[in-house]
Amino acid sequence: MSTLIALFLIFAFFRTPMLAQESTPTPAIEPQTAPLPAVYTLSGFDFERQGWNNCGPATLTNALTFFGYTDNQFRAAGWLKPNTEDKNVTLAQMVEFVSTEIPELPVNALERAGGTLEILKRLLASDFPVVIHIGFDPVDDASGWMGHYLLLSGYDDGDGVFITQDSYHGADQPYDYAFLQEMWQHFNYEYVVLYENERAQQLLDLLGDDADAALNAASALEQAEAEASADPANAFAYFNMGTNLISIGEMQRAAASFDEARRIGIPWRMLWYQFGPFEAYLAVGRYADVLDLARANLNDGGGHYVEETFYYAALAREALGDRDRAINNLYEAINLNPNFSPAREKLVQLTQ
């Protein structure tokens, strides 16, 4: 089942000049604090169950139908994962697809981390569809832990549930608040908000401090640190610390946090979806560790269908002076996904 963590340390891709400058720190804005309705539901989705291994494209397509999008999931899949065996689509890739590949639709997308149940409710109550990334281990599938995307379409405080358009289980599926909180942590509480371009400022106002990418990264780090302090045996909290430390440029601390997460124990598919350890270890010169992680991905039964596996191996080999093997690894990444721009850009750099 395809899914993601922000790979390129990209918080958003934008069409509108208003949002293009959001990485520059801005004065803190308090989010809206008006009382929320106890029950709220967005309507107007055309639901489509995912094809095999097509969670990400199907979920994104279902979200876009809220704005009148009429193509099926395979248009998105053709760009997001041209190889049907590809095990992962990241949120950043989803944002890029919305921003660049559907010019006929005046819709954009914004990615953030460190979300809360409160902000999810506020977004929904303001008619913004939200996609979140969660850990997933369905009882009717013996495959074990994997990543999954959920499209949120409403909530009900009386029942304590979010209503989701779940590409795997079906339309209008309820998820308990506590369960969703637990499984969402596995992916750093990441979310993507879809919005019409004319509502960009309304979305920024609603997000408050999280409208600013740098402030959002600092807030997400604080959240992860608090969770690690409260439960030192929680590998996901340490992994999230590492991810957020990368976002603020503290690579040594990030590498140490990933080391601790791995020592405690993370799911064996974790690095199909989230690539922070590769990023951190590269930054601090631990190239052999990067190659060890890439080999582990290649040997685990599915990671050889993750283009990032080959991309990060290429960066490590380049750093070690093995240019020819780095180039070969980049070709392998591009063969899996010709639209994976980091690999294409690095290949041009190494072959000029």
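Please refer to the structure higher up on the page.
An account of the accompanying structure is given in this report. Within any chain, residue numbers begin from 1 and follow the written order of that chain's sequence. Local features in a predicted model are, by the rule used here, given only for residues with pLDDT of at least 70; side-chain atom pairs are given and counted only at 80 or more, and totals for whole chains, interfaces and linings are based on all residues. Side-chain figures throughout are based on the complete set of non-hydrogen atoms in the structure, without hydrogens or water.

**Re the environment of I264**
Tracing the backbone through its elements, the reader meets I264 in helix 10 (residues 251–264). Only protein chains enter the calculation, and the probe is 1.4 Å; a residue is then buried if its accessible area is under 20% of its type maximum, exposed if over 50%, and partly exposed in between. Exposure remark for I264: the relative accessible area of 27% places this residue in the partly exposed category. Taking the C-alpha atoms as reference points, I264 and F236, 28 residues apart in sequence, are found 9.3 Å from one another. Those residues in contact with I264, other than ones at most four positions away along the chain, are P232, A233, N234, A235 and Y238. Strands here mean DSSP runs of E at least two residues long; helices mean DSSP runs of H or I at least four residues long; both are numbered from the N terminus. Whether two residues are in contact is decided by their heavy atoms, any of which lying within 4.5 Å being enough.

**A few points about the packing of aromatic side chains**
Stacked, tilted and edge-to-face are the three classes assigned to paired rings of Phe, Tyr and Trp, where Trp is represented by its six-membered ring and a pair needs centres within 6.5 Å; plane angles under 30 degrees give stacked, over 60 edge-to-face, the rest tilted. Using the criterion set out here, one finds 20 aromatic pairs in the structure. Plain terms: the ring middles of Y155 and F162 are 6.5 Å apart, the flat faces sit at 65 degrees to each other, and that makes the pair edge-to-face. With relative accessibility at 0%, the residue Y155 sits in the buried group. Taken together, a centroid distance of 5.9 Å and an interplanar angle of 70 degrees make the contact between F187 and Y273 edge-to-face. Of this pair, F187 sits in the loop between helix 6 (177–184) and strand 7 (191–196) while Y273 sits in helix 11 (residues 270–273); the two residues are 86 residues apart in sequence, bridging distant segments of the chain. Residues F187 and Y273 agree in their burial class; the two are buried. In textbook terms, an aromatic cluster arises when at least three aromatic residues are bridged by ring pairs, as seen for W145, F187, W268, W272 and Y273. In this structure, R199 is placed above the aromatic ring of F128, and the distance from its NZ or CZ to the ring centre is 4.0 Å. The criterion for a charge sitting over a ring is simple: Lys NZ or Arg CZ within 6 Å of the ring centre, and within 35 degrees of the ring normal.

**Describing the side chain of T65**
With respect to the helices and strands, T65 occurs in the loop between helix 2 (55–64) and helix 3 (73–80). On the basis of relative accessible area, T65 is assigned to the buried category, the value being 7%. Polar contacts here mean pairs of N or O atoms no more than 3.5 Å apart (in protein, one a potential hydrogen donor and the other a potential acceptor; neighbouring residues in sequence count only if both atoms are side-chain atoms). Polar side-chain contacts of T65 include one of 2.9 Å to the backbone nitrogen of D46. A polar atom in the side chain of T65 sits 2.6 Å from the backbone oxygen of N62.

**A look at the nonpolar core**
Here the nonpolar core consists of buried residues drawn from Ala, Val, Leu, Ile, Met, Phe, Trp, Tyr and Cys, with membership extended through side-chain atoms lying within 4.5 Å. L64, F97, L123, I132, F162, Y191 and L194 are the most contacted members of the largest nonpolar core, which totals 105 residues. Contacts of F97, omitting those with residues within four sequence positions, involve L60, L64, Y69, R75, A76, W79, L80 and I102.

**Description of the environment of Y40**
Looking at the element boundaries, Y40 is found in strand 1 (residues 39–41). Residue classification places Y40 among the partly exposed residues on the basis of a relative accessible area of 23%. Counting along the chain gives 123 residues from Y40 to I163, while the straight-line C-alpha distance between them is 9.4 Å. Setting aside residues no more than four positions away along its own chain, Y40 makes contact with L124, A125, D127, S153, G154 and Y155. In terms of polar contacts, Y40 uses its side chain to reach the side chain of D127, at 2.7 Å.

**Focus: helix 9 (residues 235–247)**
In a regular helix each residue adds 1.5 Å, so 13 residues correspond to 18 Å; helix 9 covers 19 Å between its end C-alpha atoms and thus fits that length. Along helix 9, 12 of the 13 residues are buried, which leaves the element largely enclosed by surrounding structure. Along helix 9, the positions that sit buried rather than exposed are A235, F236, A237, Y238, F239, N240, M241, G242, T243, N244, L245 and I246. Contacts made by the buried residues of helix 9 are with helix 8 (213–230), helix 10, helix 11 and helix 12 (276–283). Sitting at the amino-terminal end of helix 9 is N234, which places a side-chain oxygen 3.0 Å from the backbone nitrogen of F236. Downstream of helix 9 by one or two residues, G249 has phi in the positive range, about 85 degrees. In this scheme, a helix's expected span is set at 1.5 Å multiplied by one less than its residue total.

**Concerning the packing of helix 2 against helix 4 (residues 91–100)**
Every axis corresponds to a line fitted to the C-alpha atoms, with the helix fit spanning only the stretch in contact, and the corresponding angles, defined between N-to-C directions, vary from 0 to 180 degrees. With their axes 11 Å apart at the nearest point, helix 2 and helix 4 run at an angle of 45 degrees to one another. If you check the angle between helix 2 and helix 4, you find them oblique. In this structure, helix 2 crosses over helix 4, and the sense of that crossing is right-handed. The segment helix 2 lies against helix 4, with G56, L60 and L64 engaging M94, F97 and V98. Across the contact of helix 2 with helix 4, the residue classes tally to five nonpolar, one polar and no charged. Angle categories: roughly parallel below 35 degrees, roughly antiparallel above 145, roughly perpendicular from 65 to 115, and oblique for all the rest. For any pair of crossing helices, the crossing counts as left-handed if the nearer helix is rotated counterclockwise from the farther one by less than a right angle, and right-handed if it is rotated clockwise. Classification used: nonpolar for Ala, Val, Leu, Ile, Met, Phe, Trp, Tyr, Cys and Pro, charged for Asp, Glu, Lys and Arg, polar for all others including Gly.

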